[in-house]
Every structure is written in structure tokens, then in C-alpha cells.
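Here are the chains, one letter per residue:
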Protein chains: 2
Amino acid sequence: MSPVLAPDLLRGAGLRVTEPRVAVIEALDGMPHAAADAVHAKVAAHRPDLSIQTVYNVLRDLTGRGLARCIEPGDHPARYELRVGDNHHHMVCSTCGTIADVDCVVGQAPCLSPDDDHGFAVAVAEITFWGLCRDCQAVAVKAAAAVPIHD
Amino acid sequence: MSPVLAPDLLRGAGLRVTEPRVAVIEALDGMPHAAADAVHAKVAAHRPDLSIQTVYNVLRDLTGRGLARCIEPGDHPARYELRVGDNHHHMVCSTCGTIADVDCVVGQAPCLSPDDDHGFAVAVAEITFWGLCRDCQAVAVKAAAAVPIHD
DNA sequence: TGCCATCATTTGAGTCATTCAAAATAACGG
DNA sequence: CCGTTATTTTGAATGACTCAAATGATGGCA
């Protein structure tokens, strides 16, 4: 299914191969941009006693070793993806927090160099597109139509 | 001091002129990119009984009426600025959360149009530069020098 | 100039995502 | 197969922020 198997990923990163870690990686492979509780819900379907704390631990270890990437959109809970190494960006739904990848942005390279770095050692430029996903657009339209003339 | 006076800003936005609101605006004028607790600390110097809840309320009202802008960098607490209306970006220190404005980014306009919008109605493109501020660079260098050969 | 409806502030409790810490358990090199 | 060390579990705690009810102040209007 996945081109690279979870155990190999883990060993390659110097992490022990454990069942929770494999399960989290496979969950993330099937649902990119999932939040910790969503990962937990999916994993817990097969293994109800796996604690959410373990999911947090695993996600921390994966991101720490560069096997996963953490996305923290505004005040939405953090989300995780296995797609690392390429500098892609994200589109986030302001309402529900749904995330989509943005593979390529025209003019991306120039964005990496602000005119004045204020003494900062800039490591990365992160671009986030905010908007409404298809579902939330539909809900917004419906809600607008239901609003009476007054109030 | 400030080109526009706080009471005028408030009235213009349809908000009542109250002492906490004026105080928060003036604090923000003197310390852009301040977090709620920093604003509270500054305001409380003159008015010790002003609750942090009120600061949260005021900041919510100001951002809601477009008088202030809220910046939410990753897992750092939210920060606020009075500079609104222009689409400027930010440089954030990964360590301490310090923020600097980035006035102009070459290639900014193209960034507003992702190749594939995945059905999203994109409203804004937000660019965040992550790095280390001058102070945290110095600390990092010092810490690296203090690390022994082993461990 | 004073009244009062409405908007603000205060107080105190509650939420959520996430982290901390100690004890129990499991991976894997030898 | 064993022991060391990493990992998981359990349970509690944190920080940033929100909710809600009661009190207080603002400013339009008479």
C-alpha cells in the first residue's frame, strides 16, 4: 500500500518498532492532516486500550525525527502529515479546520527572502491560505439564506 | 503621540469609549505584537484592578471591529497589533515568540493564487517566516559552546 | 441635566488541547 | 533468554482562553 513500510521508517530514524507507532503511521498514511484525537480514534478502532497520551508521544517522536510534520493552524488543534522534506504549503478552512495541500506556489522562492530580516536568522517561510472549504461554503450559503430581513 | 486617538478609533467603530479600551489601545500602540498577558501587565501598572478577562474582551472587540489584528503563531500564545488594513506579514522567533513585521515580500501577489484551490474559497494568504531572533541566536550559540564532547 | 436602556466590566468557574511525571511494560543487542 | 533502555500507561496538571451571571458605566434622549 504505502511505498515505504512503517517499520522501516522507524528503524531508519533510530526509533524502536512498536505497535502503537506502526498504527499511528498507518493511520496518518490513510488520513493526512489528521489531528491527534482523530488519529487516536482511528487507531483505537483496532486497539481500544491505546491511550491518547501514547498518540501524543508517538506524534512528538515522529515529528522530532523528521518522519512527520506538524501543522498548527491558528487556533485549530495541531494536525499531522507524513509528507515531509518538500516545502509544500497548506490551505486551511477557517471554519472547520480542514486542510488541503498546496503543491506549488508561483513566486514561492522570492517569498523566502524578506527585504529586511530584522536580525532574524530565517529558517523557513510558511504560507497558509485561509478560506472556506466546499462543505463550509455550502453551509454558509444556507445560513445566509435563512437569515430574516431584520436582525 | 499616535496620529489617531483611541477614543476616535473606538467611536468610529461604533464602540463605546471606556477607560479599559483606551488603555489597551494605547498599550498596543507602544508594544506591537504583544500577547494578552503582556497587555494586561502594562495596563495593570496604572490600574491594578483591571482584570485580564477585560483585556480578552477588549481584544476580541477590537479585532472584531477591525481595529486590531490577531496573530496566532503556531503554539505560541496569540499576539495583537493595531496595524491593520495592509497585508503585511510576520517573522516569528521559534524560541521566544518575538514577532517582527515584514513590510513587503517580493512575489507576494502571485502567492495569493494557488494552482489548485481544491474547492476552497480562498480569502487570504498568510506568510510567516520562522527563525531565531537576535537574542535567541546568541543564547543558542552560547548553549552550543557549553555542550561537552560526549553526551 | 438627568434617566435609563444598553453595552461593558467583573468575578468565578469551566473548557480544551496538550504536557508532565512516576510506575509498569516491552524492544532488541548481546 | 536477559538486562538495559526506550516506550507505554495512568493519572494529574498546565496554560490560554471562553462562558455566564451579576454588577456597573456610557451616552442617546427627553
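The structure presented is a predicted model; accordingly, all values stated were derived computationally and were not measured.

Rules behind the numbers
Residues numbered from 1 in each chain as written. Chains lettered and ligands numbered in written order. Predicted model: local features only at pLDDT ≥ 70, side-chain atom pairs only at ≥ 80, totals over all residues. Heavy atoms only, no water. Pairing = 2+ DSSP bridges. Helix = DSSP H or I, 4+ residues; strand = E, 2+ residues; numbered from the N terminus. Near = heavy atom within 4 Å. Polar contact = N/O pair within 3.5 Å; in protein donor to acceptor, adjacent residues only side chain to side chain. Nonpolar A, V, L, I, M, F, W, Y, C, P; charged D, E, K, R; others polar. Salt bridge = Lys/Arg side-chain N within 4 Å of Asp/Glu carboxyl O. Buried < 20%, exposed > 50% of the residue type's maximum accessible area, 1.4 Å probe, protein only. Domains from an automatic or database assignment. Contact = heavy atoms within 4.5 Å. Buried area = accessible area lost by both parts, 1.4 Å probe. Expected span 1.5 Å × (residues − 1). Arc of directions from axis to C-beta.

**A look at the sheet that holds strand β3 (residues 79–81) of chain B**
Residues and elements named next belong to chain B.
Link 1 in the chain: On the basis of which strands lie adjacent, the open sheet formed by three strands has the order β1-β3-β2 and antiparallel pairing. The sheet terminates laterally at β1 (34–35) and β2 (69–71), the two strands that pair on one side only.
Link 2 in the chain: Pairing analysis gives two bridges linking β1 to β3, with the strands arranged antiparallel. When the bridges of β3 are listed, Ala-35 appears paired with Arg-79.

**Points about the protein's contact with DNA strand D**
Link 1 in the chain: Surrounding DNA strand D, one finds 18 residues, the nearest of these being Thr-18, Arg-21 and Thr-54 of chain A together with Gln-53 and Ala-78 of chain B.
Link 2 in the chain: A breakdown of the atoms of DNA strand D within 4 Å of the protein gives sugar and phosphate a share of 63%.
Link 3 in the chain: One nitrogen or oxygen atom from the side chain of Arg-16 of chain A is found 3.1 Å from a sugar or linking oxygen belonging to DNA strand D.
Link 4 in the chain: The side chain of Thr-54 of chain A places a nitrogen or oxygen atom 2.4 Å from a phosphate oxygen of DNA strand D.
Link 5 in the chain: Among the secondary structure elements, those contributing two or more residues to the surface near DNA strand D are α2 (19–30) and α4 (52–64) of chain A together with α4 (52–64) of chain B.
Link 6 in the chain: Ranked by residue count, the leading element in the surface near DNA strand D is α4 of chain A, at four residues.
Link 7 in the chain: In the surface near DNA strand D, the residues fall into eight nonpolar, six polar and four charged.

**Quick notes on the pattern of salt bridges**
Link 1 in the chain: A full pass over the atoms with the stated rule returns 18 salt bridges over all chains.
Link 2 in the chain: With its nearest N and O atoms 2.3 Å apart, the salt bridge here joins Arg-47 of chain A to Glu-19 of chain A. With Arg-47 of chain A in the loop between α3 (36–46) and α4 and Glu-19 of chain A in helix α2, the pair connects residues that are 28 residues apart, well separated along the chain.
Link 3 in the chain: What makes Arg-47 of chain A partly exposed here is its relative accessible area of 24%.
Link 4 in the chain: Since its relative accessible area comes to 43%, Glu-19 of chain A is described here as partly exposed.
Link 5 in the chain: Of the charged contacts, one joins Arg-21 of chain B and Asp-61 of chain B as a salt bridge, the two residues approaching to 3.0 Å between their closest N and O atoms. Taken together, the residues Arg-21 of chain B in helix α2 (residues 19–30) and Asp-61 of chain B in helix α4 connect sequence positions 40 residues apart. Like Asp-61 of chain B, Arg-21 of chain B is buried.
Link 6 in the chain: When salt bridges with common partners are traced through the structure, they connect Arg-83, Asp-86, Asp-101 and Asp-103 of chain A into a single cluster.

**Remarks on the domain arrangement of chain A**
Residues and elements named next belong to chain A.
Link 1 in the chain: Domain assignment breaks chain A into domain 1 (1–85) and domain 2 (86–151).
Link 2 in the chain: Between domain 1 and domain 2, the residue contacts involve 11 residues of the former and 16 residues of the latter.
Link 3 in the chain: Buried surface at the junction of domain 1 and domain 2, both sides included, amounts to about 1100 Å², of which 47% is carbon and sulfur.
Link 4 in the chain: The salt bridge partner of Arg-83 is Asp-103, with a shortest N-O separation of 2.7 Å.
Link 5 in the chain: Applying the counting criterion to the domain 1 and domain 2 interface returns 12 residue pairs in polar contact (both at pLDDT 80 or more).
Link 6 in the chain: Among the secondary structure elements, those contributing two or more residues to the side of domain 1 that touches domain 2 are β2 (69–71) and β3 (79–81).
Link 7 in the chain: Looking at the side of domain 1 that touches domain 2 residue by residue, the class counts come to three nonpolar, four polar and four charged.

**With respect to the side chain of Glu-81 of chain A**
Residue and element names in this part refer to chain A.
Link 1 in the chain: By the element assignment, Glu-81 lies in strand β3.
Link 2 in the chain: Of the residues examined, Glu-81 reaches a relative accessible area of 1% and is grouped as buried.
Link 3 in the chain: Of note is the side chain of Glu-81, whose polar atom sits 3.0 Å from the side chain of His-33.
Link 4 in the chain: Apart from residues no more than four positions distant in its own chain, Glu-81 is found in contact with His-33, Ala-68, Arg-69, Ile-71, His-88, His-90 and Asp-101.

**Focus on the protein's contact with DNA strand C**
Link 1 in the chain: The local shell around DNA strand C holds 18 residues, among which Gln-53 and Ala-78 of chain A together with Thr-18, Arg-21 and Thr-54 of chain B are the closest.
Link 2 in the chain: Restricting attention to atoms of DNA strand C within 4 Å of the protein, one finds that 64% of them are sugar or phosphate atoms.
Link 3 in the chain: The contact in question runs from a base nitrogen of DNA strand C to an N or O atom on the side chain of Arg-16 of chain A, over 3.3 Å.
Link 4 in the chain: Residue Gln-53 of chain A places a side-chain N or O atom 2.4 Å away from a base nitrogen belonging to DNA strand C.
Link 5 in the chain: Among the elements of the structure, α4 of chain A together with α2 and α4 of chain B are those that each provide at least two residues to the surface near DNA strand C.
Link 6 in the chain: Partitioning the surface near DNA strand C into residue classes produces eight nonpolar, six polar and four charged.

**Digging into α4 of chain B**
All names here are of chain B.
Link 1 in the chain: For α4, which comprises 13 residues, the first-to-last C-alpha distance of 18 Å matches the rise-based estimate of 18 Å (1.5 Å per residue) to within 8%.
Link 2 in the chain: Along α4, the residues classified as buried are Val-55, Val-58, Leu-59, Asp-61 and Leu-62. End-on, the buried residues of α4 take up no more than an arc of 165°, which puts them together on one face.
Link 3 in the chain: Tucked into the core, α4 has its buried residues touching α1 (6–12), α2, α3 (36–46) and β3.
Link 4 in the chain: At the exit of α4 stands Gly-66, carrying a positive phi of roughly 80°.

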